[in-house]
Amino acid sequence: MSLRALIAVTHLLGAGHLTRAAALARALARAGHDVTLVSGGMPARLIDMGGVRSVQLPPVCTVGTDFRTLLEENGRPVAPEQLHSRRHLLANTLDELGPDVVVTELFPFGRRVLAQEFVELVERARAQRPAPLILASVRDILVAPERRDRVAEAHARLRTFYDAVLVHGDSSLVPLDASWPLDDGVRPLIRYTGYVDAGPPAGEADGDADSASDIVVSGGSSAAGLPLYRAAIAAGPLLAERRLRVLVGAGVPDGVFAELRGASGGNVAVERARPDFRRLLAGATVSVSQSGYNTVVDVLRGGVRAIFVPFEAGRETEQRLRAERLKTLGLAEIVPEADLSAATLADAVRRALGRPPANAAPISLDGAQRSVAIVEELARERATKPASARRPSRWDALDSALAQFADAGRPVPFWWRDDDAVAHTPQLDRLLALAGRLELPLALAVIPASLQGSLVERLADEPLAAVLVHGLSHANHAPPGHKKAEFGRHRSLGQLAGDAAQGLGSVRAAFAGGAMPVFVPPWNRLTPELPALLPGLGFAGLSTFGERRASVPGLTHVNTHIDPIDWRHGRGLRPPDALVAEVARIVHASAGGANRAGPIGLLTHHLVHDEATWAFCEELLGRLAAHSSVRFHTAESVFLRNNVGAGLSSYRR
């Protein structure tokens, strides 16, 4: 069996994620598979690709533990155009390769800041026929988000898109649920591979013959090791009878590196990290390092006495947990980062020297080979498993409802409205990118009094986006204790009509007459007397929420019916299972003849979506757009034609 595999990885701080992904890619290639590794982080010169085809996306990075702020190579915040270029190149690579296996490194457990490009990748992959295996690849220990909705969001993506999770660790040392709260829906996807040994055996890497040192100090590839380097150099005089070699990662600027070299004494050699790290460890008496994944594997493979100084800045708990587990096995000493000094480090070295050399670690280190075996096994199962054997999904009820339309040979109509647009924002970009990717028409309800020129400019080249009139100022005129309303019973009908007319005039003027004369009252509430006046004010359409519609000559009233936001309980995502069941019920009712005055409407609010809401909307819209029986209608076809059911413009993926 020969497979085509695509591995997508973006390392943001050090190069550990790329190192592990490259090791997996090399192992697959050695087994005879065609592998393409797509890297989105900064190029790393010491990473061995071993003949694997590599694709470099426009790189991004972060500073310190601020993983929410992406930077370009020049240190400036990443531009939207660069993120778009990354997604475009990633999609093209997927289409050109037509892989049998797609692996996303860390996502969806992490890399939330790059969620859009990863979601686009797995959505696009899942839509291929035949669909490839989609696997997540994660290290032994993760950092779980504090917010439960973000854990739920990751689990939802796993259940929807992924066939398995390759956990590159040994459950006898640390199971994944020691750091991540697995649930029963995700637990069956977990496959432990053992630790991935990314380095060559000792003695195989190039290096000079005179490379022995008593103590080898390393701090990974990023600048996060600076406190360790400085403490080790300062500890040199306290360990005068020993020789120390301090290996400084490439992420440390040249000026700082020169400063470190200048501060070193006669028994301390400071140099850049080198490719023969394994050889240095093999000849060392003690290794002093952080406890990152790849460094720990190197130390365990070398059987050297170990001292770990776990990186613990920000909310980082991964290295401390790994070091603690190894300490319980008698394989390491620990110096907490908060206690690090020349004296504490020298004391730890003396304690380590008092221990006998480490025996072979009772930990699986054949993770690369085992990962290949698991991938091949899953591929064979996929080839032989009947479609009926797949695990149940929350989407089954919706699929069943849509099948009614397919059986009847008629399409199920949908339309999409998003409220409260006022300016060009990152959230708007994400919304429009989703609509463009799925080729779905979108109606934007714009607040006239808050409308900014940046929105007009942003929508100028968006043929799929229509503009509706969202009241006037989205101001609440209801007295305390009453439901919010701008066009309720709390003002005179003349005031309401005047504000509605002003809103239409403002939006039409801003968009040079391109706005649609469709009135969308804020909070979806208006006094029953107002619809009769709307045609005389120049409106041809009205849209609120629910099934109730006004019957007014010359006015087409088409509503939305699905709102994923839980407005009463924190504005997060409503329970996803209940949401899907609700969509299925609405589709069933439409198939039975209900709601025939217009299509089923999805209502979103891009400015208040959290990640869980974005994930659900992306998944729902992606599934609907890909379904052969679904047709999404433009706002023009919904509101400006006399017969809503005839001659509609249809948009399909």
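First things first, this report covers the structure right here in the doc.

Things to note about the packing of helix H2 (residues 80-97) against helix H3 (residues 115-127)
Logical step 1: One can describe the packing of H2 onto H3 by two numbers: an axis separation of 10 Å at closest approach and a directional angle of 20°. By the angle between their directions, the pair H2 and H3 is classed as roughly parallel. Both H2 and H3 take part in a crossing whose hand is right-handed. Contact residues: Arg86, Arg87, Leu90, Ala91, Leu94 and Asp95 in H2; Gln116, Glu117, Glu120, Leu121, Arg124 and Ala125 in H3.

Notes on the pairing of strand E5 (residues 133-139)
Logical step 1: Taking burial as the measure, the seven residues of E5 include seven buried ones, the bulk of the element.
Logical step 2: The alternating pattern of E5 places Leu133, Leu135, Ser137 and Arg139 on one face and Ile134, Ala136 and Val138 on the opposite face, and all of these are buried.
Logical step 3: Relative to E5, strand E4 (residues 101-105) is paired through five bridges, and the arrangement is parallel. Looking at the pairing, threonine 104 lines up with alanine 136 of E5.
Logical step 4: Read as a crossover between parallel neighbours, the route from E4 over H3 to E5 is right-handed.
Logical step 5: The pairing of E5 with strand E6 (residues 164-168) spans five bridges and is parallel. Directly across from alanine 136, in E6, lies its bridge partner valine 165.
Logical step 6: Note that the unit made of E5, helix H4 (residues 148-161) and E6 has a crossover that is right-handed.

Let's talk about the sheet that holds strand E7 (residues 190-192)
Strand pairing within a sheet occurs via backbone hydrogen bonds; the two strands may be parallel or antiparallel.
Logical step 1: Strand order across the open sheet formed by seven strands is E3-E2-E1-E4-E5-E6-E7, with parallel pairing between neighbours. Lying at the two open borders of the sheet, with one neighbouring strand each, are strand E3 (53-56) and E7. Neighbour-to-neighbour, the strand axes of this sheet turn through a mean angle of 25°, independent of strand direction.
Logical step 2: Looking at chain direction, strand E1 (residues 4-9) and strand E2 (residues 34-39) are connected through six bridges and run parallel. Its bridge partner lying in E2, alanine 5 is registered against valine 35.

About the cut-offs
- Residues numbered from 1 in each chain as written.
- Predicted model: local features only at pLDDT ≥ 70, side-chain atom pairs only at ≥ 80, totals over all residues.
- Heavy atoms only, no water.
- Axes fitted to C-alpha atoms, helices over the stretch in contact; angles between N-to-C directions.
- Helix = DSSP H or I, 4+ residues; strand = E, 2+ residues; numbered from the N terminus.
- Parallel < 35°, antiparallel > 145°, perpendicular 65-115°, else oblique.
- Left-handed = near helix turned anticlockwise from the far one by under 90°.
- Contact = heavy atoms within 4.5 Å.
- Buried < 20%, exposed > 50% of the residue type's maximum accessible area, 1.4 Å probe, protein only.
- Pairing = 2+ DSSP bridges.
- Right-handed = clockwise from strand over helix to strand, strands pointing away.

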